[in-house]
Amino acid sequence: MEIRTKLIDRVTEFKLLAVSMESEIPILLVGNPGTAKTQLVLDFCQSLGLNTIFKQLSYDTRKEEFYGYIDPVALTQKGELRRIGGLDENTEALLIDEVDKANSQNRNLLLSILRERKIFDGSRMRDLSKLKLIVGTTNIDIKETSSEAFLDRFVIKAKVNPLGFDMLFGRKLKEYTLNIEKLQEKEEVEDVFAFIANAVKKYHVSLTDRTVVTLNHLIPVLTDYLEGYELYKVVGLYVLGLEVTDLNNILPRHLTIMSEIEKALEDLDRVKDPVKRVPIQGNLVNLANELRQLGREDKAKELLEIIATKSIT
C-alpha cells in the first residue's frame, strides 16, 4: 500500500495502522499534544481512500455525534425519521480524538462499536461490518487515569514521539510516498509467543482475557509487517506494556547476537593490525555458529561470507 504524507520518522506507526486495519483490532495512539497523531491517521486513511469519520471528543459530547442527528426537514415534510451525520453502513475508518474523554453514555456506545461493529441509533441497529480501522488518540498517561479499563479495549497502545528536527523548525517538507508491503521472510510466530511467555513469567505482566484472546490473531499479522527489534519493541512496549529496560533484558538471543555482530563488524573495520583482527574474526565465527544452532542458517551463511570478504581485504 502507498501512503502519501509529509510526516517523517513515522514508518512504524503507519505499519501499525496497516496491522490494525487488517486484523480489525483497535489501536490507541498515545502522545503529547502536537505530535501529529491525528494527521498520521488522516494521511493513512486519505491515501487509501477510506470512508472516514473523525470525532473530537469532550466530556459533554452527545451520543448523536456517533449515530447522527434527526433530519428536521425529512421529519416535518415527509414524516421520515432520518439521521444525518455519524457512522453508517459505509463507514470504513473511525478516528476518535481524545477518546479518554468519552462520557459514560459514549463509552457504552463505543463498546458496542468496538466489540460488535454495530450501533443502535434509537430506532434501528446499524451494521458497521465495513468498519475495518478504529483509532483512538489520547494525550494522557493511560496508567494514571480512571479510563484505563475502557482504554484497555485498544489492545495496541502505540507511543507517538515528538516530531523530528525538520518539522519542529518549520522546514518546508515535500510530500513523499511511503510504501508499506508485507515481508517475504517473517519472524517465527512461535518465537514471539515464547517472548510473551517469558515476559509474563519474569515481569508478572498482567494480561486481560481480551488481550490473550486477541494475541492469537494479532501476532501473525504483526509478523507480516514487522521484523527484528521493531517487532519485539511493538509487542513488548505497545502490547505488553513493558519498560524499555525490561524489554532489552528479555530480547530473543538471535536479536542480541545481531547487535553483537554489528559491533564486531565495526571493530573489524576499525582495527587494521592483522594480529588484533584475528580474535574479532574468531568471535564473529562463533556468533555465526550460534545463529546456525538457533535455526538462522541464512543469517549465519551471510555473516560467514562477510567475514571471508573482510579477511581478504
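Cut-off values and rules
- Residues numbered from 1 in each chain as written.
- Predicted model: local features only at pLDDT ≥ 70, side-chain atom pairs only at ≥ 80, totals over all residues.
- Heavy atoms only, no water.
- Buried < 20%, exposed > 50% of the residue type's maximum accessible area, 1.4 Å probe, protein only.
- Helix = DSSP H or I, 4+ residues; strand = E, 2+ residues; numbered from the N terminus.
- Pairing = 2+ DSSP bridges.
- Core = buried A, V, L, I, M, F, W, Y, C linked by side-chain atoms within 4.5 Å.
- Contact = heavy atoms within 4.5 Å.
- Polar contact = N/O pair within 3.5 Å; in protein donor to acceptor, adjacent residues only side chain to side chain.
- Axes fitted to C-alpha atoms, helices over the stretch in contact; angles between N-to-C directions.
- Parallel < 35°, antiparallel > 145°, perpendicular 65-115°, else oblique.
- Expected span 1.5 Å × (residues − 1).
- Left-handed = near helix turned anticlockwise from the far one by under 90°.
- Nonpolar A, V, L, I, M, F, W, Y, C, P; charged D, E, K, R; others polar.

Regarding the pairing of strand β9 (residues 133-138)
- When you tally the buried positions in β9, you get six out of six residues, the bulk of the element.
- With burial as the criterion, each face of β9 is covered, one bearing L133, V135 and T137 and the other bearing I134, G136 and T138.
- As paired elements, strand β2 (residues 27-30) and β9 share four bridges and run parallel to each other. Bridged to V30 within β9 is T138.

Digging into the nonpolar core
- Judged by nonpolar contacts, the single largest core of 53 residues is most densely connected at F44, F195, L218, L222, V235 and L240.
- Considering every element that reaches this core, the biggest residue donor is helix α10 (residues 228-239), with seven residues.
- Formed by 24 residues, the second largest nonpolar core is a distinct cluster that contains V30, L94, I113 and L131.

With respect to the environment of E175
- Structurally, E175 is set in the loop between α7 (165-168) and β11 (176-179).
- By relative accessible area, which is 44% here, E175 ends up partly exposed.
- C-alpha of E175 to C-alpha of A199: the two residues are 24 residues apart in sequence and 40 Å apart in space.
- Residue contacts for E175: discarding those within four places in its chain leaves R4, T5 and K6.
- Engagement of the side chain of E175 in a polar contact is seen with the side chain of R4, the distance being 3.2 Å.

Looking at the side chain of N106
- Along the polypeptide, N106 turns up in helix α5 (residues 104-116).
- Here T61 takes part through its backbone oxygen, which lies 2.9 Å from a polar atom of the side chain of N106.
- When sequence neighbours within four positions are dropped, the list of residues in contact with N106 reads T61, R62, K63 and F66.

As for the packing of helix α1 (residues 11-23) against α10
- Remark: α1 packs on α10, axes separated minimally by 12 Å, with the N-to-C direction vectors making an angle of 70°. Here α10 runs roughly perpendicular to α1, going by the angle between their axes. When α1 is examined against α10, the residues T12, K15 and L16 are found in contact with a partner set consisting of E230, V234 and Y238.

Side note on the sheet that holds strand β10 (residues 156-159)
- Across the sheet, five strands lie side by side as β3-β6-β9-β2-β10; this open sheet has parallel pairing. Two strands lie at the open edges of the sheet, namely β3 (52-56) and β10, each paired on one side alone. For this sheet, the mean angle separating the axes of adjacent strands, direction not counted, is 20°.
- Relative to β10, β2 runs parallel, the two being bridged by four bridges. Considered in β10, the bridge of I27 is made with I156.
- This element, α1, spans β2, β9 and β10 of the sheet and lies at about 135° to β9.

Re the side chain of K157
- Of note, K157 is situated in strand β10.
- Separated by 3.4 Å, the side chains of K157 and D152 make a polar contact.
- Polar side-chain contacts of K157 include one of 2.9 Å to the backbone oxygen of F154.
- Setting aside its immediate chain neighbours within four residues, K157 contacts L28, I142, L151, D152 and Y238.

Regarding helix α8 (residues 189-203)
- Between its first and last C-alpha, α8 extends 21 Å over 15 residues, near the 21 Å set by a 1.5 Å rise per residue.
- Lining the buried residues of α8 we find α9 (209-225), α10 and α11 (244-249).
- Within two residues after α8, H204 carries a phi angle of roughly 50°, on the positive side.

Re the packing of α8 against α10
- Relative to each other, α8 and α10 sit at 40°, their axes nearing to 11 Å. By the angle between their directions, the pair α8 and α10 is classed as oblique. Of the two possible hands of crossing, α8 and α10 adopt the one that is right-handed. In this structure, α8 uses D191, V192, F195 and I196 to contact α10, whose residues at the interface are L231, Y232, V235 and G236.
- Classifying every residue of the contact of α8 with α10 by side-chain character gives six nonpolar, one polar and one charged.

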